[in-house]
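These are the residues of each chain, in order.
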Amino acid sequence: MEFLLGGLSSMCAVLFTNPFDVLKTRQQLEGELIAKENLKQRSYKGLRQSFLTVVRTDGLRGLQTGLPAALMYQFSMNSVRLGTYQTAENLGWTRSTKQPALTPLLTFFWGGCSGAASAIASCPFYVVKTQLQAVTSGSYTARFQHRHSGTLSAFGSIYRQSGLRGLFRGCTATIARLGVGGSAQMCSYSACKDFILQYDTFRQSIVLTALASSTVAGFFTSVLMSPCDVVTTRMTNQAVSATGKGLLYGNIVDCFVKVYRAEGLHGYYKGFVPMYVRVAPHTVLNLTFWEFFKGLYERYGKGSAVTAGY
């Protein structure tokens, strides 16, 4: 049940946050391997301009590009991530009563383990989601666009061209992305929540506690995860040869090096603002829907529900 509740709550949250994911993907792919000073024109500069560009070129529907794949990605990713972490928390593995100083390390460790496990389970959906979100009917901003007609056709065409390897393209980067992101989010959220619950104002409001903790956790998560997120997006969206081999990046290290040499540290933080704007409310919505589903589960006497870890 921990896995099911985690997946369903994240699917509800992504209905509201997917537009920011689209903006993030477009920003990360614009000017790929081109130095910032050499970019004469940018269509996705800043949050406001990115929003207007998407609406102008693809209409309001463009803000929900890749939504079916995003829903499948969120369910597969968060059901495993939240379920694994919650199971570890229920077993008492995320806290140390004998040595409280070890608690942050345990939280960090299990957050990373749950993130890595979820990366493997959700990688094919992330590949499809990214390739769909990169396609625009407006100006050509991404270095390469996979012209899939829909979510199912994307799965089919990727498999026919590259087999299972294509659906797991960039898997190492995805593991790094969710491993770092899961550790940072779990650790910072838990630490912030424990700190602010010392005050009566937060103890009396679950929503206020979730909002404050998620805002702090979202910032640390975005800062630490952004380089891996950029690399993952680049690797999953790159053009491939007739045999399905990536034409730009051979592996995660090659991608990191090429991005740094061409774009510097700035390249690792493309799409940072929409990422942060997405992460904090997504965590709040995820938690809110999780609490709602737990309430329904308890009301109908299906057993004791899980306690939200974050």
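Structure: above.
Residues numbered from 1 in each chain as written. Predicted model: local features only at pLDDT ≥ 70, side-chain atom pairs only at ≥ 80, totals over all residues. Heavy atoms only, no water.

Chemist: Help me understand the environment of Ala 210 in this model?
Modeler: Inspection of the secondary structure puts Ala 210 in helix 9 (residues 206–237). A sequence separation of 71 residues divides Ala 210 from Pro 281, and the C-alpha atoms of the two residues are 9.7 Å apart. (Helix = DSSP H or I, 4+ residues; strand = E, 2+ residues; numbered from the N terminus.)

Chemist: Teacher, can you tell me more about the environment of Met 72 here?
Modeler: Structurally, Met 72 is set in helix 3 (residues 67–90). By relative accessible area, which is 32% here, Met 72 ends up partly exposed. Along the chain, Met 72 and Val 279 lie 207 residues apart, while their C-alpha atoms are 18 Å from each other. With near-sequence residues (within four places) excluded, Met 72 lies in contact with Phe 125, Thr 151 and Phe 155. (Buried < 20%, exposed > 50% of the residue type's maximum accessible area, 1.4 Å probe, protein only. Contact = heavy atoms within 4.5 Å.)

Chemist: Got a minute to help me understand the packing of helix 4 (residues 103–133) against helix 9 in this structure?
Modeler: How two helices pack is summed up by the angle between their axes together with the distance between the axes. Where helix 4 contacts helix 9, the two axes come as close as 9 Å, and the packing angle between them is 80°. Here helix 9 runs roughly perpendicular to helix 4, going by the angle between their axes. Touching Tyr 126, Val 127, Thr 130 and Gln 131 of helix 4 are Asp 229, Thr 232, Thr 233, Thr 236 and Asn 237, all from helix 9. The residue inventory of the contact of helix 4 with helix 9, partitioned by class, reads 2 nonpolar, 6 polar and 1 charged. (Axes fitted to C-alpha atoms, helices over the stretch in contact; angles between N-to-C directions. Parallel < 35°, antiparallel > 145°, perpendicular 65-115°, else oblique. Nonpolar A, V, L, I, M, F, W, Y, C, P; charged D, E, K, R; others polar.)

Chemist: I keep staring at the packing of aromatic side chains and nothing clicks. Help me out?
Modeler: For any two aromatic rings, the description comes down to two numbers: the centre-to-centre distance and the angle of the planes. With the rule as written, the count across this model stands at 10 aromatic pairs. Residues Phe 109 and Trp 110 carry aromatic rings whose centres are separated by 5.3 Å and whose planes lie at 80° to one another, so their mutual orientation is edge-to-face. Ring plane angle 75° and centroid distance 5.7 Å describe the contact between Phe 125 and Phe 155, whose orientation is recorded as edge-to-face. Highlighted residues: Phe 125 in helix 4 and Phe 155 in helix 5 (residues 151–162), separated in sequence by 30 residues. Residue Phe 155 is classed as buried on the basis of its relative accessible area of 18%. (Phe/Tyr/Trp six-rings, centres within 6.5 Å; stacked < 30°, edge-to-face > 60°.)

Chemist: For this particular structure, what's the right way to read the side chain of Asn 18?
Modeler: Inspection of the secondary structure assignment puts Asn 18 in helix 1 (residues 2–29). For Asn 18, a relative accessible area of 0% gives the class buried. With sequence-adjacent residues up to four places away left out, Asn 18 is seen in contact with Leu 63, Gln 64, Thr 65, Leu 67, Ala 70 and Gln 133.

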